[in-house]
Amino acid sequence: MNISHIEHIGIAVKNLEESIQYWENVMGLKCYAVEEVKDQRVRTAFFMVGGTKIELLESTDPEGPIGKFIEKKGEGVHHLAFAVKGIEQSLEDVASKGVQLIDQKPRRGAEGLDIAFLHPKSTFGVLTELCENKNDK
Ligand code: ZN
């Protein structure tokens, strides 16, 4: 696997607007995008911190992945996303090393990235997202 950097940190929140207020007014960051990702049943808000983004995730459906996460664990850090070169190859590599995949193939995430999740059972508790911006090339 070829990781270049932490692309973003995903944080589950109950109320996107209230959380945006915190990140803007207290942390002094500017929200540059709000986007609904229907596939994942979330609304997202993005902030840039150096080369890494903060991705806030608000559930649009209590039965969706973020809705369930908040129900079980409450608000907080949800996943780490690593930018990789060659996401398909990376998935094959980690699968061959015994890591359980949530997504067998990349799918389209927020901001037009190709994304895939690794199961936290295989990653010592860290829900791990691999992503690749193929528009970069
Ligand atoms: Zn993410």
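This report concerns the structure included in the present document. Quantities reported herein were computed from a predicted structural model and do not represent experimental measurements. Counting of residues starts from 1 at the beginning of each chain's written sequence and follows it residue by residue. For a predicted model such as this one, the threshold for reporting local features is a pLDDT of at least 70, and the threshold for listing and counting side-chain atom pairs is 80 or more; totals across whole chains, interfaces and linings nevertheless cover every residue. The side-chain figures draw on all heavy atoms in the structure; neither hydrogens nor water molecules are used.

## Notes on the sheet that holds strand β8 (residues 128-132)
Counted only if it meets this: In this description, strands pair whenever DSSP reports at least two bridges between them. Strands here are runs of E lasting at least two residues and helices are runs of H or I lasting at least four, both read from the DSSP assignment and numbered beginning at the N terminus. The criterion used for residue contact is that any of the two residues' heavy atoms lie within 4.5 Å. To obtain each axis, a line is fitted to C-alpha atoms, and for helices this fit is confined to the stretch in contact; angles are then taken between N-to-C directions over 0 to 180 degrees.
The 8 strands lie next to each other as β2-β3-β4-β1-β5-β8-β7-β6, forming an open sheet whose pairing is mixed. The open sheet is flanked by β2 (31-37) and β6 (107-108), the only strands paired with a single partner. Pairing analysis gives 8 bridges linking strand β3 (residues 42-49) to strand β4 (residues 52-59), with the strands arranged antiparallel. Its bridge partner lying in β4, Val 42 is registered against Ser 59. The sheet contacts of helix α1 (residues 16-25) involve β1 (3-13), β2, β3 and β4, and relative to β3 the element is tilted by about 5°.

## Points about the environment of Met 48
Rules: Using a 1.4 Å probe on the protein chains alone, a residue whose accessible area is under 20% of its type maximum counts as buried, one over 50% counts as exposed, and one in between counts as partly exposed.
Position of Met 48 among the secondary structure elements: in strand β3. Judged by its relative accessible area of 39%, Met 48 falls in the partly exposed class. Each C-alpha atom of the pair Met 48 and Cys 31 lies 7.9 Å from the other, and the pair is 17 residues apart in sequence.

## Describing the coordination of the zinc ion
Each donor-metal-donor angle would ideally measure 109.5 degrees in four-coordinate tetrahedral geometry, or 90 or 180 degrees in six-coordinate octahedral geometry. The criterion, for reference: The donor set covers N, O and S atoms within 2.8 Å of the metal, switching to 3.2 Å for Na, K and Ca, and it leaves out water, so a site may look short of donors. Key to geometry: four donors with every angle between 85 and 135 degrees are tetrahedral; four donors are square planar and six octahedral where opposite donors lie over 155 degrees apart and all remaining angles lie between 65 and 115; all other sites are irregular.
Looking at the metal site, the zinc ion is ligated by His 8 (NE2), Glu 55 (OE), His 79 (NE2) and Glu 129 (OE), spaced 2.0 to 2.4 Å from it. Metal-centred angles of 83 to 173° between the 4 donor atoms at the zinc ion mark the site as irregular. Coordination of the zinc ion draws on donor residues from a single chain, spaced H-x46-E-x23-H-x49-E in sequence. Here Glu 55 is found in strand β4, whereas its partner Glu 129 is found in strand β8, with 74 residues between them in sequence. For Glu 55, a relative accessible area of 6% puts it in the buried group. By relative accessible area, Glu 129 is classed as buried at 4%.

## Some words on the state of the cysteines
For the record, the criterion: A pair of cysteine sulfur atoms is labelled a disulfide when the two atoms are within 2.5 Å.
Following the criterion strictly, the structure yields 0 disulfides and no others. Summary of cysteine pairing: Cys 31 is not part of a disulfide, and the nearest cysteine sulfur, belonging to Cys 131, is at 18 Å. Cys 31 gets classed as buried once you look at its relative accessible area, which sits at 14%. Residue classification places Cys 131 among the buried positions, given a relative accessible area of 2%.

## Examining the pairing of strand β7 (residues 114-118)
Among the 5 residues that make up β7, 5 are buried, leaving the element largely enclosed by the rest of the structure. Residue alternation in β7 divides its side chains into two sets, Asp 114, Ala 116 and Leu 118 and Ile 115 and Phe 117, and both sets are buried. Where β6 and β7 come together, 2 bridges link them in antiparallel fashion. For Arg 108, the partnering residue across the bridge sits in β7 and is Asp 114. Connecting β6 to the antiparallel partner β7 that follows it, the hairpin turn spans 5 residues, and Glu 111 within it adopts a positive phi of roughly 60°. Pairing between β7 and β8: 5 bridges, direction antiparallel. Counterpart to Leu 118 in the pairing with β8 is Thr 128.

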